[in-house]
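The primary structure of each chain is shown beneath.
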Amino acid sequence: MSTLVSKVLAAGAAVSMLTLPGLSPAAAAPGLGEGQPSSAASSPADESQQNPTGPAADGGKAANDEARSAAEPTSTDDTASAQEAEAGTQVQLLNITDFHGRISDAGTQVASVVEEQRAAFDSKGGTGMLSAGDNIGASPYNSSSAKDKPTLDVLNAIGVQASAVGNHEFDRGVEDLTGRVVEGADFPYLGANVYAKGTEDVVDGLDEYSIVDVDGVKVAVIGVVTQETATLVSPGGIEAIEFGDPTDAVNRVADDIEDLPADEQPDMTVVEAHLGASSTESLEDAKASNAEFKKLVTEADASIDVLFTGHTHLPYSFEAPVPGDADRTRPVLEAGNYGTHVGQVQLTSDGEGDWSTDAVNLIETEDQSYDSPVVDEVEKIVAEADEAAKVPGSVVHGKITEDITRAFSDGNENRGGESTLGNLVADALKDGVEDSQLDEADFGITNPGGLRTDLLCDHIYNTEEKCEVTAAELNEVLPFANDHGVVTMKGADVIGLFEEQWQPEGARNSFLHLGISDELDVVYDSEADRGQHVKSVKVNGEAIDEEKDYRVATLSFLAAGGDNFTSFAEGTFEQSGLTDFDTWVNYFEKNTPVSPDKNERQADAADDVIDSGDLTAELTGPKTIAPGASADFVLKTDAKSEVAGPIDVTVDLPKGYTAEVAPKFSAESASAKDSEAKAPEVKADANAAKTITLKSIPAGESQTPVTVTAPQDASGDVTVKLSLQANAEGPWWDDNPLPLAHEYEATAAVSDDANASAGDDGSADGGADGGAADGGAADGGGADGGDSAAGGSDGSSSADGADANASSDGGSSDGSGSDANGSKDGGDLPRTGFETFNIVAAALALIVAGGTAVTVVRRRKITS
């Protein structure tokens, strides 16, 4: 245990309470958590009513001195209970958390709130100013470009007296924190659970706690940080330290404070904890949302009067029971993030060592302004930082065609969702290897927590044009200056990475969605058991080989196993000599304008309507098809409800074969009206010759015929393959009902003896039986079962007596000389009124005919 560093810092003048709009002192603001009982705030005019036995006009300093004198031990024992401030002594504590260098957005606003509250409380008592950590790191360019010195200068000007370390204080390693950062702060950084490895000795340079002077009242501040820090920063920077249990550290230090000599004991003890709740609906919900938070709230020593928390970026305020004392509660609060709120707690001493809570508020800082030399000083610091950063930050490195963003859910960032930004960064990491001395990488991977803001067309840093991207904007996306490089690892460990997206029990996020480069395709099942989620990983369309070495472009943070992606640590990391920012800038300069790729790269099989049984599909084919003749292969679907589109049906044919599709049944076709089967609306994309696009799949049974014409010299068997998948122009990712592609095959024999007699409707048997085509005439029963991709299910479909004449004016559509014109007599579907046209001019290798097959592949459009 490190010894107490006696930094007893003078506080500013005492202040009065500013209440959030709509928030009385007795309750938290709507949506911010549960309220707590407290007396109404008063102005200086009614001070005597609030505190009839309160301190004198000097803020209670004399009374507090008397109280400390009275607390001196009268025996030879050199220890005693906590110092007892005189009854009626009042203290105000102000707090921020997760400021992350937002000096331009909130520097003067936070300073204004702090100064106004100090002045308003001046006649009642003293004001202490504290922080729960993450003051620096993941900062905007005007701070990050100067290694966050401007942010430390702002906090010094505001008068912060003590701060817990946050995980981002370790972004540049523990030596940077305990050296440069601590030296630049006029306040102590506290980390009671940050130990030299293998010990319970707090690492040199950090303090366990500090006693700060709040206008004569001694306030002990204990600081701790989440144990998750070990997985949230680059492991290489924290090799010499480890993070212990935060609550155990708080209680150990509380015991040490109790053992201090009487003249050194504080009047009050508070905790600054960089850990917090992930749910704010109620105290019970908050405790259930995070195990560290629950333990702190329910087990922290009864001597703790206030619990300030952080890390989760959520504003909340609760009043929690004090363990072992049924008659007492204590405030538990978090002041949001980025300086949007200042937490405020006002307390009064009962003269017996306990403090009652008068008010707890989360004061919004937006648009706040106050005339004060401190505010003026902060404004000057920010202006100088802006000016210093403007020249390098304003350099334009490229353009975007539209916004490229992180994933969001209900307006909040969702690190469990796939994002266009995450995938783009992975592309840049892979591409960046080409700018280095390293051998080429196979693909790139990044983590969602490394993405700190979005690339927006309307975000203007200085004087650049709309959609232009500056150095400052690129830096704000990737502000951590991670080393870039390549990890060589086995395919089995790559699979392990995707399994590790499901985080360990108790982690802040249960699922972290990796950003992956275009070379990768991943299918997982979110509903599978732990360790069995990953169903498929493909590299450039080929299944990953578990025994093969793959070269993965990534960041030093991940390469060392950060964010619990420990499989990375099984490989060998080679640094490129570049940072993530370098590769990011280079990518934009080489590829501008940059567009978001809206194709899914990881798909959840649990969201697939076919896998869930909400939609069934099969492809049936005729028994035979004659050389130069045509016959129908039919895609049949049965949906419990309409499946939103657009949905692509990709047709693969052997060399020399062509295909046509009927776009829809004609309203004038009586036979269509009489048929129970419905056909979805169809269109053909002239630029995607093998693709049929369905507007949607209607509820109930639906049939889409694809008329295949054999070349004159055809022989053997013909296998037609259809792939059903969502179109990228429609809903995508987690909102997509068809996140996977499904492939169906049907095979017909090519024979000169094909039976072309009209009216032969046959029956489906799941095999190769079916209709016939001869000399361009297709039999009405041409889809007599045929091959069914649904495993031999009955694929029969008849439209009695329906004749159709479907002509394609395109003649030979593949250049092989086969003529696609010809009359179709009967057919297995009503064809009168069909508008038919050629959509396929493919020359693919002949697919060897096999049995009925259904293969599940990735959702993205298939290319050839």
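Residues numbered from 1 in each chain as written. Predicted model: local features only at pLDDT ≥ 70, side-chain atom pairs only at ≥ 80, totals over all residues. Heavy atoms only, no water.

## Concerning a negative patch on the surface
- Together, Asp371, Asp376, Glu377, Glu379 and Glu384 give the surface a local cluster of negative charge.
- For aspartate 371, the location among the structural elements is in the loop between strand S14 (355-364) and helix H11 (373-393).
- Given a relative accessible area of 73%, aspartate 371 falls into the exposed group. (Patch = residues over 30% accessible without salt bridge, like charges linked within 9 Å, V, L, I, M, F, W, Y side chains within 5 Å. Areas by Shrake-Rupley, 256 points an atom, 1.4 Å probe, with all protein chains shown as cover. Salt bridge = Lys/Arg side-chain N within 4 Å of Asp/Glu carboxyl O. Lys, Arg positive; Asp, Glu negative; His and termini not counted. Charge placed at Lys NZ, Arg CZ, Asp CG, Glu CD. Helix = DSSP H or I, 4+ residues; strand = E, 2+ residues; numbered from the N terminus. Buried < 20%, exposed > 50% of the residue type's maximum accessible area, 1.4 Å probe, protein only.)

## Points about the sheet that holds strand S6 (residues 209-214)
- One open sheet accounts for 6 strands, arranged S6-S7-S9-S10-S12-S11; its pairing is mixed. For this open sheet the edge positions go to S6 and strand S11 (315-322), each flanked by a neighbour on one side alone. Across the sheet, the mean angle from the axis of one strand to that of its neighbour is 25 degrees, orientation sign disregarded.
- Across 6 bridges, S6 lies against strand S7 (residues 217-225) in antiparallel orientation. Note on S7: the bridge partner recorded for valine 212 is valine 219. (Pairing = 2+ DSSP bridges. Axes fitted to C-alpha atoms, helices over the stretch in contact; angles between N-to-C directions.)

## Considering the state of the cysteines
- By the definition in use, this model includes 1 disulfide.
- Each sulfur in the disulfide pair cysteine 457 and cysteine 467 lies 2.0 Å from the other. Here cysteine 457 and cysteine 467 share a disulfide; its torsion about the S-S bond, 105 degrees, makes the bridge right-handed. Placement of cysteine 457 in the loop between strand S18 (443-446) and strand S19 (468-470) and of cysteine 467 in the loop between S18 and S19 is noted, with a sequence separation of 10 residues between them. As far as the burial class goes, cysteine 457 and cysteine 467 line up, both buried. (Disulfide = S-S within 2.5 Å.)

## Focus on the packing of aromatic side chains
- For the structure on display, the rule yields 10 aromatic pairs.
- Seen from their ring centres, phenylalanine 511 and tyrosine 524 are 5.8 Å apart, and the 50 degrees between their planes marks the pair as tilted. Highlighted residues: phenylalanine 511 in the loop between helix H14 (491-499) and strand S21 (515-516) and tyrosine 524 in strand S22 (residues 520-524), separated in sequence by 13 residues.
- Taking the relative accessible area as the measure of exposure, phenylalanine 511 reaches 14% and is therefore buried.
- An aromatic cluster is defined as three or more aromatic residues linked by ring pairs; in this entry it consists of Phe293, Tyr316 and Phe318.
- Here arginine 102 stacks its cationic end above the ring of tyrosine 338, 3.9 Å away from the centre of that ring. (Phe/Tyr/Trp six-rings, centres within 6.5 Å; stacked < 30°, edge-to-face > 60°. Lys NZ or Arg CZ within 6 Å of the ring centre and 35° of its normal.)

## Looking at the nonpolar core
- Judged by nonpolar contacts, the single largest core of 70 residues is most densely connected at Phe170, Tyr189, Val194, Leu206 and Ile222.
- Tallying contributions element by element places helix H3 (residues 103-120) first for this core, with 6 residues.
- Those residues in contact with valine 194 that sit more than four places away from it in its chain are Val165, Phe170, Asp201, Val202, Val203, Leu206, Val225, Ile241, Glu242 and Phe243.
- Core analysis: the next-biggest nonpolar cluster, separate from the first, contains 35 residues, Ile610, Phe633, Val708 and Val750 among them. (Core = buried A, V, L, I, M, F, W, Y, C linked by side-chain atoms within 4.5 Å. Contact = heavy atoms within 4.5 Å.)

## Quick look at the pattern of salt bridges
- The tally for this structure, following the rule as stated, stands at 29 salt bridges.
- Close ionic contact of arginine 601 with aspartate 427 constitutes a salt bridge, the shortest N to O distance being 3.1 Å. Here the residue arginine 601 occupies a position in the loop between helix H16 (580-591) and strand S27 (602-604), and aspartate 427 occupies one in helix H12 (residues 420-432), the gap between them amounting to 174 residues. In this structure, arginine 601 and aspartate 427 share a single accessibility class: buried.
- When salt bridges with common partners are traced through the structure, they connect Asp305, Asp325, Arg328 and Asp354 into a single cluster.

## Some points on the environment of leucine 615
- Relative to the elements of secondary structure, leucine 615 occurs in strand S28 (residues 615-620).
- Residue classification places leucine 615 among the buried positions, given a relative accessible area of 1%.
- In this structure the C-alpha to C-alpha distance between leucine 615 and lysine 640, which are 25 residues apart in sequence, comes to 6.4 Å.
- Apart from residues no more than four positions distant in its own chain, leucine 615 is found in contact with Val609, Ile610, Thr637, Asp638, Ala639, Val643, Ile697 and Leu738.

## Digging into the packing of H12 against H16
- For the pair H12 and H16, the least separation of the axes is 9 Å and the interaxial angle reads 90 degrees. Our classification of the angle between H12 and H16 gives roughly perpendicular. Contacts between H12 and H16 involve Leu421, Leu424, Val425, Asp427, Ala428, Leu429, Asp431 and Gly432 from the former and Thr583, Trp584, Tyr587, Phe588, Lys590 and Asn591 from the latter.
- Of the residues belonging to the contact of H12 with H16, the class tally is 8 nonpolar, 3 polar and 3 charged. (Parallel < 35°, antiparallel > 145°, perpendicular 65-115°, else oblique. Nonpolar A, V, L, I, M, F, W, Y, C, P; charged D, E, K, R; others polar.)

## A closer look at the environment of threonine 709
- Residue placement: threonine 709 occurs in strand S35 (residues 700-709).
- For the pair formed by threonine 709 and tyrosine 657, sequence separation is 52 residues and the distance between their alpha carbons is 5.8 Å.
- Only 2.5 Å separates the side chain of threonine 709 from the side chain of serine 630, close enough to count as a polar contact. (Polar contact = N/O pair within 3.5 Å; in protein donor to acceptor, adjacent residues only side chain to side chain.)

## Observations regarding unusual backbone geometry
- With an omega of 0 degrees, the peptide bond between threonine 592 and proline 593 qualifies as cis.
- Mapped onto the elements, proline 593 comes out in the loop between H16 and S27.
- Put simply, glycine 645 and proline 646 share a cis peptide bond, and its omega is 0 degrees.
- When you line up the elements, proline 646 lands in strand S31 (residues 643-652).
- With a phi angle near 65 degrees, aspartate 148 is a residue other than glycine that sits in the positive phi range.
- Within the element layout of this structure, aspartate 148 appears in the loop between helix H4 (141-144) and helix H5 (149-158).
- Despite not being glycine, aspartate 563 has its phi angle at roughly 60 degrees, a positive value.

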